[in-house]
Structures are given as C-alpha cells and as structure tokens.
Amino acid sequence: MTVRWSRLALGTVVAVCVLSLGAPALAADRGKVDVDVVNADIRNVLRLFADVGHVNLVLGDDVSGMVTLRLRNVPWEAAMRATLSVRGLQMERSGNIVRVQAAEAFAKERAARLSAHEMCLATAPVETRIIRIDYADAEQVAALVRPTLTKRGSVSVDTRTNTIIVRDVRYD
C-alpha cells in the first residue's frame, strides 16, 4: 500500500512523501521517504517526517526557517537529521518523542546536566566499605578498583586480613 501526502505552502512549495506500508515483500522499505520541496517551512517538513516515523514531535522556539530538499528512498530519521543539520539544529529521541532545537541549546543542557552531576558528587557524603577478598590477592583487586573511583575516592589494602577498604561517594 502506498500513501501519498501533498502539502502546498506559500503557493510554490509542493512536498510529496511516499511511504511503503503493509506489503510484506517491501518490509525493508518501511519508513523510507521521497521528498521534493522548495522553500518549505522547516516546521512543516519536520512534522511530515514525524508523521512518517509515527513519533511525537516537540519543536523549540528557535526552530524556524525555510529548506529545500530533494531526497529519494531515504529512511525518515536520516532525512530528518540531514534536514536539521542544514539549519544548525539537533534532535534528541526518547522513546517515541523527538525533541528538536538549536545545537547550542542542547549543548547548554548537557553542560548544565554535567555541572549538576559534578556538584552532586562534590557534596555527597563519602562512604566507607570494608570488603574481604577471597580467592584473590587484595592488592590486585585494589589495582582494578582504583580507576573506577571518583576524585574524592580512595582504596587501601589490609594485607594481613586480605581486605580492601574503599572510601568513595555512593554512585548508583
């Protein structure tokens, strides 16, 4: 079954999207699009891709502008990423929700998330665990544990009882 969608925007833009659905022999073609648009509003083009991919779309305020595309037999998500990169935009997919905004906005979000994570590690209480090691040398186990510690963490070895003493922030 072939579905054809047409949109007319600003009197000069025609977008045609062909999607193969339902034919078992054409299962590999599912989600592939053919798009030919001239000076189309990027918001409408992204909505078209979201319809093809059966995903929900959240667009940031900075998503605007016109695009010209000619794509043949391209997976919808690849077509969407190519369209976004032309305008300096990025997408983040979480389940069936696709968020689109400027690359700088995503970079700021990541930096804020990293800063908050580092702040949590810097202020979290340090816990001490004493771990008895059986069937291995505590020195060797401590050498394996050291690279996984945070900046505030430390590991000590009690060779007499073959135990390691790990002090670090609890990280779930």
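Refer to the preceding data block for the structure.
This text gives an overview of the structure that appears in the document.

Comments concerning the overall build of the protein
- Scanning the protein for helices and strands turns up 4 helices and 10 strands.
- Listed N to C, the secondary structure of the protein is β-β-β-α-β-β-α-β-β-α-β-α-β-β in terms of helices and strands.
- Expressed as a percentage of its 172 residues, the buried residues of the protein come to 29%.
- Carbon together with sulfur atoms contributes 54% to the accessible area of the protein, which is approximately 11000 Å² in total.

Observations regarding the nonpolar core
- Ranked by internal contacts, the top residues of the largest apolar core, which has 26 residues, are Leu-46, Phe-49, Met-80 and Val-100.
- Top element by residues in this core is helix H1 (residues 42–53). It accounts for 7 residues.
- Leave out the neighbours within four places in its chain, and Val-100 touches Leu-46, Leu-57, Val-58, Leu-59, Gly-60, Val-63, Met-80, Leu-84, Leu-89, Gln-90 and Met-91.
- Judged by nonpolar contacts, the second largest core, of 8 residues, contains Ile-133, Ala-138, Ala-142 and Val-166.

Section: the sheet that holds strand E4 (residues 56–59)
- Strand order in this open sheet of 3 strands is E4-E7-E6, and the pairing throughout is mixed. Each edge of the open sheet is held by one strand with a lone partner, namely E4 and strand E6 (89–94). With direction set aside, neighbouring strand axes in the sheet form an average angle of 20°.
- As paired elements, E4 and strand E7 (residues 97–102) share 4 bridges and run parallel to each other.

About the thresholds
- Residues numbered from 1 in each chain as written.
- Predicted model: local features only at pLDDT ≥ 70, side-chain atom pairs only at ≥ 80, totals over all residues.
- Heavy atoms only, no water.
- Helix = DSSP H or I, 4+ residues; strand = E, 2+ residues; numbered from the N terminus.
- Buried < 20%, exposed > 50% of the residue type's maximum accessible area, 1.4 Å probe, protein only.
- Areas by Shrake-Rupley, 256 points an atom, 1.4 Å probe, with all protein chains shown as cover.
- Core = buried A, V, L, I, M, F, W, Y, C linked by side-chain atoms within 4.5 Å.
- Contact = heavy atoms within 4.5 Å.
- Pairing = 2+ DSSP bridges.
- Axes fitted to C-alpha atoms, helices over the stretch in contact; angles between N-to-C directions.

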